[in-house]
Amino acid sequence: HSADAQRTDLMTITRHVLNEQSKHPEARGDFTILMSNLVLGCKFVCSAVNKAGLAKLIGLAGDTNVQGEEQKKLDVLSNEVFVKALTSSGRTCILVSEEDEEATFVDPSLRGRYCVVFDPLDGSSNIDCGVSIGTIFGIYMVRDKNEASLYDVLQPGNQMLAAGYCLYGSSCMLVLSTGSGVNGFTLDPSLGEFILTHPDIKIPKKGKIYSVNEGNAQNWDEPTSKYVENCKYPKDGSSPKSLRYVGSMVADVHRTLLYGGIFLYPADNKSPDGKLRVLYEVFPMSFLMEQAGGQAFTGKQRALDLVPTKIHQRSPIFLGSYDDVEEIKALYVKEAKA
Ligand code: P6P
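Residues numbered from 1 in each chain as written. Predicted model: local features only at pLDDT ≥ 70, side-chain atom pairs only at ≥ 80, totals over all residues. Heavy atoms only, no water.

**Overview of the UniProt feature "domain: Fructose-1-6-bisphosphatase class 1 C-terminal" (unreviewed entry) in the protein chain**
Next, step 1: Mapped onto this numbering, the UniProt entry gives "domain: Fructose-1-6-bisphosphatase class 1 C-terminal" (unreviewed entry) at residues 203-332.
Next, step 2: Secondary structure across residues 203-332 comprises 36% helix and 12% strand; the distance between its end C-alpha atoms is 23 Å. (UniProt positions renumbered as here; feature names shortened; annotations may be inferred. Helix = DSSP H or I, 4+ residues; strand = E, 2+ residues; numbered from the N terminus.)

**Some words on the sheet that holds strand E13 (residues 317-320)**
Next, step 1: Ordered by their spatial adjacency, five strands build an open sheet running E10-E9-E11-E13-E12, and the pairing between neighbours is mixed. In this open sheet, the two edge strands, each paired with only one partner strand, are strand E10 (242-243) and strand E12 (295-297).
Next, step 2: Pairing of E12 with E13 involves three bridges; the strand directions are antiparallel. Bridge pairing in E13 links glutamine 295 to glycine 320.
Next, step 3: Most of the contacts of helix H5 (residues 222-232) go to strand E9 (residues 209-211), to which it runs at about 145°, and overall it touches E9, strand E11 (262-265) and E13. (Pairing = 2+ DSSP bridges. Contact = heavy atoms within 4.5 Å. Axes fitted to C-alpha atoms, helices over the stretch in contact; angles between N-to-C directions.)

**With respect to the site of the ligand**
Next, step 1: Around the ligand, a shell composed of Asp122, Gly123, Asn213, Tyr245, Gly247, Ser248, Met249, Tyr265, Lys275 and Glu281 is seen.
Next, step 2: Residue aspartate 122 places a side-chain N or O atom 2.4 Å away from an oxygen atom belonging to the ligand.
Next, step 3: Here an oxygen atom of the ligand and a side-chain polar atom of asparagine 213 are 2.9 Å apart.
Next, step 4: Across the complex, the protein chains shield 79% of the 400 Å² of accessible surface that the ligand would expose by itself. (Near = heavy atom within 4 Å. Polar contact = N/O pair within 3.5 Å; in protein donor to acceptor, adjacent residues only side chain to side chain. Areas by Shrake-Rupley, 256 points an atom, 1.4 Å probe, with all protein chains shown as cover.)

**As for the state of the cysteines**
Next, step 1: Under the definition given, this model contains zero disulfides.
Next, step 2: For cysteine 129, which is in no disulfide, the shortest distance to another cysteine sulfur is to cysteine 46 and amounts to 17 Å.
Next, step 3: Taking the relative accessible area as the measure of exposure, cysteine 129 reaches 56% and is therefore exposed. (Disulfide = S-S within 2.5 Å. Buried < 20%, exposed > 50% of the residue type's maximum accessible area, 1.4 Å probe, protein only.)

**With respect to the packing of aromatic side chains**
Next, step 1: For the coordinates displayed, the defined rule picks out five aromatic pairs.
Next, step 2: Here the aromatic rings of phenylalanine 318 and tyrosine 332 are separated by 5.3 Å at their centres, their planes lie at 45°, and the arrangement is tilted. Placement of phenylalanine 318 in strand E13 and of tyrosine 332 in helix H8 (residues 322-337) is noted, with a sequence separation of 14 residues between them.
Next, step 3: Looking at phenylalanine 318, the relative accessible area reads 1%, which means it is buried.
Next, step 4: Through pairs of rings, three or more aromatic residues link up here, namely Phe297, Phe318 and Tyr332. (Phe/Tyr/Trp six-rings, centres within 6.5 Å; stacked < 30°, edge-to-face > 60°.)

**Observations concerning H5**
Every α-helix winds through 3.6 residues per turn, so residues three or four apart in the chain are directed the same way.
Next, step 1: Listing the buried residues of H5 in full gives Pro223, Thr224, Tyr227, Val228 and Cys231. Projection of H5 onto a plane perpendicular to its axis shows the buried side chains occupying an angular sector of 125°, all on one side.
Next, step 2: For H5, the secondary structure elements touched by its buried residues are E9, E11, E13 and H8.
Next, step 3: By the N-cap criterion, in which a side-chain oxygen at the helix start approaches the backbone nitrogen of a residue two or three places on, H5 is capped by aspartate 221, the distance to threonine 224 being 3.1 Å. (Arc of directions from axis to C-beta.)

**Here's the deal with the side chain of arginine 277**
Next, step 1: With respect to the helices and strands, arginine 277 occurs in the loop between E11 and helix H7 (278-291).
Next, step 2: Buried charge without a partner: arginine 277 forms no salt bridge, and the closest opposite charge is glutamate 98, 5.2 Å away.
Next, step 3: A polar side-chain atom of arginine 277 sits 2.7 Å from the main-chain carbonyl oxygen of histidine 312.
Next, step 4: When neighbours within four sequence positions are excluded, arginine 277 is seen to be in contact with Val282, His312, Gln313 and Arg314. (Lys, Arg positive; Asp, Glu negative; His and termini not counted. Salt bridge = Lys/Arg side-chain N within 4 Å of Asp/Glu carboxyl O.)

**Details of the pattern of salt bridges**
Next, step 1: Per the counting criterion, the structure on display carries 15 salt bridges.
Next, step 2: In this structure, the salt-bridge partner of aspartate 30 is arginine 113, at a minimum N-O distance of 3.4 Å. Of this pair, aspartate 30 sits in helix H3 (residues 30-57) while arginine 113 is found in the loop between strand E2 (104-105) and strand E3 (114-122), placing the two residues 83 residues apart along the sequence.
Next, step 3: Overall, aspartate 30 belongs to the buried group, its relative accessible area being 12%.
Next, step 4: A residue is classified by how much of its surface remains accessible, and arginine 113, at 25% relative accessible area, is partly exposed.
Next, step 5: As a salt-bridge pair, aspartate 323 and lysine 205 come within 2.8 Å of each other at their nearest N and O atoms. Taken together, the positions of aspartate 323 in helix H8 and lysine 205 in the loop between strand E8 (193-198) and E9 put the pair 118 residues apart, joining distant regions of the chain.
Next, step 6: Residue aspartate 323 is classed as partly exposed on the basis of its relative accessible area, which comes to 23%.
Next, step 7: Residue lysine 205 is classed as exposed on the basis of its relative accessible area, which comes to 55%.
Next, step 8: Each of Lys206, Lys241, Asp324 and Glu327 takes part in salt bridges that share partners, so that together they form one network.

Structure, rendered in structure tokens:
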């Protein structure tokens, strides 16, 4: 295309998902409807997050706002918006949210074939200081919507049909994979549309950045300690890696995806399963990394092969550039054999 033609050939996320759907002749458009409701939720959260600071400024936050309503915390508000948007889509059956202790089983009259696991506003403790935050989601197909049970969401990540995140940062970016590669869409606020800006994202095979909370170093196990040591004092004479750690998973993973490198949230002797949640943090980000040519490892196995037994279960996670994860994997494998 000429640049001009490209500019007028708007590839919105809806059009992109429709194109993807046309590759599945049996598809009935349900996934497209599901995605458009998920996207609506992201647009709402993007707008609410951008106003949050202002809301605080004009005193809307805290006890009551000008309508005298109780000002909800952003993560509670975001969760309500996603639950309502997904339920009313008529395409979902079970919802698992970081904000809700129990899974939501959609009323049978409104049930569809998809199960959505999500963190509506991950990293929300960072809002007040203006650090980027995000929504993370994964999508499973229910076996039988009339016999829906927790079993349908206690599935390994390798059963996910799609996964993605929305980053609320300097721009609002939705990164999505439906199983054939990873694509990035940027919200154009003047159109209210997510436009394809990063087609077919591939993570560099090896990176120069490691991303971990060094404050936990005294609690790390041997393989993680050795790996991080080698990032800082390379034995092969190569230059040390840079440390970049935002403390907001979506921001750290997005940078890793685009620039390469490795993101680590290891187990430590205080939290043997690490901190990040399997269903709606570890699986979606691992799915995206593999689709982009990277990999994701728990310290024991390929992350997507892990079979969860509880919906809020945690797991250690090492994800990012293929070669970087391969290095730490070798250290864990060696320890397992010792
Ligand atoms: P720590 C944010 O609270 C979060 O859930 C993730 O977004 C982030 O990667 C992680 O926790 C940061 O945890 O222990 O390094 O502050």
